[in-house]
Amino acid sequence: MDNKSLKVGSNEMELVDFRIFKQEKDKVYEGIYGINVSKVREIIRVPNLTELPSTPEFIEGIFDLREVVIPVVNLAKWMGVSEPEDAIKNARVIITEFNNVLIGFIVHEAKRIRRISWSDIEPASFMSSSSGLESNKITGVTKIEGDNVLLILDLESVVQDLGLYEPDTDAAPETIEKFSGLALVLDDSATARKIVKEALIKMGFHVIEAMDGEEGLSKLNDLYATYGDNIADNLKIIISDVEMPKMDGFHFAAKVKEDERFNDIPIVFNSSISDHFSEARGEEAGGEAYLVKFQASSFFDEVSRIVRAHMKK
């Protein structure tokens with residue numbers, strides 16, 4: 001996958017559009033889903049899989065991809081969808097990487113790559129009765145042609161369900177450096193915000209939360225109304241997710257850095273996207289560090305280093 005043509009601050013993302021078909025009596029329904037291209041390594045035909053005993057039904061097995069053993073999840077089974085008999089004929093495996101974990105997902109059809117503005121993506125505030133998914137398994141929804149709706153799946157939740165990834169919240173240093181002042185945390189996931197907030201509180205910060213870049217800018221304007229030109233002396237750091245509806249982290253950071261009221265406040269990206277290109281985009285957007293969710297030791301180390309460096313300016 002190559003999304004190098006995306007400009008930092010464009011507030012756009014590229015999605016792999018894929019389909020899951022559902023058999024209901026004599027009708028077949030087409031579910032339209034997407035995943036961020038930044039999380040996709042490649043898309044392949046379904047390989048020969050080695051079955052694993054005593055695993056959930058939706059784990060089809062494992063296979064060796066260039067000397068890396070990769071588990072493969074059948075998305076339709078994970079979603080509880082009844083598959084049509086011929087669903088496998090165009091099936092593909094989307095090989096993903098996030099949180100430094102490789103995993104494959106079987107989909108019924110991989111259609112195309114779509115470029116979509118984050119401003120056109122709404123949070124999943126409703127539950128589609130035909131999707132077979134809880135709303136917390138959907139990170140966003142967007143309309144596409146023909147008045148159809150594309151659902152962006154939270155595939156990280158599958159990885160956590162499988163026990164392949166757990167946030168490393170315990171590996172904190174014996175002595176945590178203490179600071180004072182405010183920290184602003186942006187993340188559309190309440191769980192992710194809670195983890196980051198608790199870590200920052202341990203460091204002595206008072207934490208302000210925002211669900212996306214738009215709300216983050218609003219909170220910054222509120223803080224400026226309170227502190228004026230002394231805002232950077234009070235707001236010590238911003239921790240931002242990358243993937244967020246309405247305004248993503250890169251676009252948010254670009255707007256902060258072009259605003260002279262806020263451009264001295266350091267920004268750290270904290271994302272499940274673990275490819276090197278996103279790390280480079282984070283740096284280009286003005287981030288001073290790019291962390292992969294969530295590794296406590298590196299989080300405490302980097303936040304301490306950055307806040308300390310700005311205190312000396």
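About the cut-offs
Residues numbered from 1 in each chain as written. Predicted model: local features only at pLDDT ≥ 70, side-chain atom pairs only at ≥ 80, totals over all residues. Heavy atoms only, no water. Core = buried A, V, L, I, M, F, W, Y, C linked by side-chain atoms within 4.5 Å. Buried < 20%, exposed > 50% of the residue type's maximum accessible area, 1.4 Å probe, protein only. Contact = heavy atoms within 4.5 Å. Salt bridge = Lys/Arg side-chain N within 4 Å of Asp/Glu carboxyl O. Helix = DSSP H or I, 4+ residues; strand = E, 2+ residues; numbered from the N terminus. Expected span 1.5 Å × (residues − 1). Arc of directions from axis to C-beta. Axes fitted to C-alpha atoms, helices over the stretch in contact; angles between N-to-C directions. Parallel < 35°, antiparallel > 145°, perpendicular 65-115°, else oblique. Left-handed = near helix turned anticlockwise from the far one by under 90°. Nonpolar A, V, L, I, M, F, W, Y, C, P; charged D, E, K, R; others polar. Pairing = 2+ DSSP bridges.

Student: Describe in detail the nonpolar core, supporting the description with residues and values.
Tutor: By size, the foremost hydrophobic cluster in this structure holds 30 residues, and its most contacted members are Phe-18, Ile-20 and Leu-75. Each residue touching Leu-75, except ones within four places of it in the same chain, is listed here: Phe-18, Ile-20, Phe-105, Ile-106, Val-107, Leu-153 and Leu-155. Listed in part, the 25 residues of the second largest apolar core include Leu-186, Leu-235, Ile-265 and Ile-267.

Student: Which residues make up the pattern of salt bridges, and what are the values?
Tutor: In the structure shown here, the tally under the stated rule is 22 salt bridges. In this structure, Arg-308 and Glu-177 form a salt bridge, with 2.9 Å as the shortest nitrogen-oxygen distance. Placement of the pair is Arg-308 in helix α8 (residues 296-311) and Glu-177 in the loop between α2 (156-161) and β11 (182-186), with a sequence separation of 131 residues. Given a relative accessible area of 32%, Glu-177 falls into the partly exposed group. Three or more residues joined by partner-sharing salt bridges are found here, namely Asp-17, Arg-19, Glu-30, Arg-114 and Glu-145.

Student: Lay out helix α3 (residues 190-202) with the relevant residues and their values.
Tutor: Because an α-helix completes one turn every 3.6 residues, residues spaced three or four positions apart along the sequence face the same direction. Between the first and last C-alpha of α3 there are 18 Å, a value that for 13 residues agrees with the 18 Å anticipated at 1.5 Å per step. Here α3 has its buried residues at Ala-192, Arg-193, Ile-195, Val-196, Ala-199 and Leu-200. Seen end-on, α3 carries its buried residues on one side only, within an arc spanning 160 degrees. For α3, the exposed residues lying more than 90 degrees away from the buried face are Ala-190, Thr-191 and Lys-194. Turning to α3, the residues buried within the fold contact β11, β12 (206-210), β13 (235-240), β14 (267-271) and α8. Downstream of α3 by one or two residues, Gly-204 has phi in the positive range, about 100 degrees.

Student: Break down the packing of helix α4 (residues 213-227) against helix α6 (residues 249-257) for me, citing the residues and quoting the values.
Tutor: Contact pair α4 / α6: the axes reach a minimum separation of 9 Å and the direction vectors enclose 25 degrees. In this view, α4 runs roughly parallel relative to α6, as classed from their interaxial angle. The two elements α4 and α6 meet at a crossing, and its hand is right-handed. Two secondary-structure elements touch here, α4 through Gly-213, Gly-216, Leu-217 and Leu-220 and α6 through Phe-252, Lys-255 and Val-256. Each residue belonging to the contact of α4 with α6 can be placed in one class, and the counts come to 4 nonpolar, 2 polar and 1 charged.

Student: Residue-level account of the sheet that holds strand β6 (residues 92-98), with values.
Tutor: One open sheet holds the 5 strands; their spatial order is β3-β6-β7-β5-β4, and the pairing between them is mixed. Each end of this open sheet is capped by a strand with a single partner; those strands are β3 (40-45) and β4 (59-65). Each strand of the sheet is rotated relative to its neighbour by a mean of 25 degrees, with strand direction disregarded. Of the pairings in the sheet, the one linking β6 to strand β7 (residues 101-107) comprises 7 bridges and is antiparallel in character. By the bridge assignment, Glu-97 is partnered in β7 with Leu-102.

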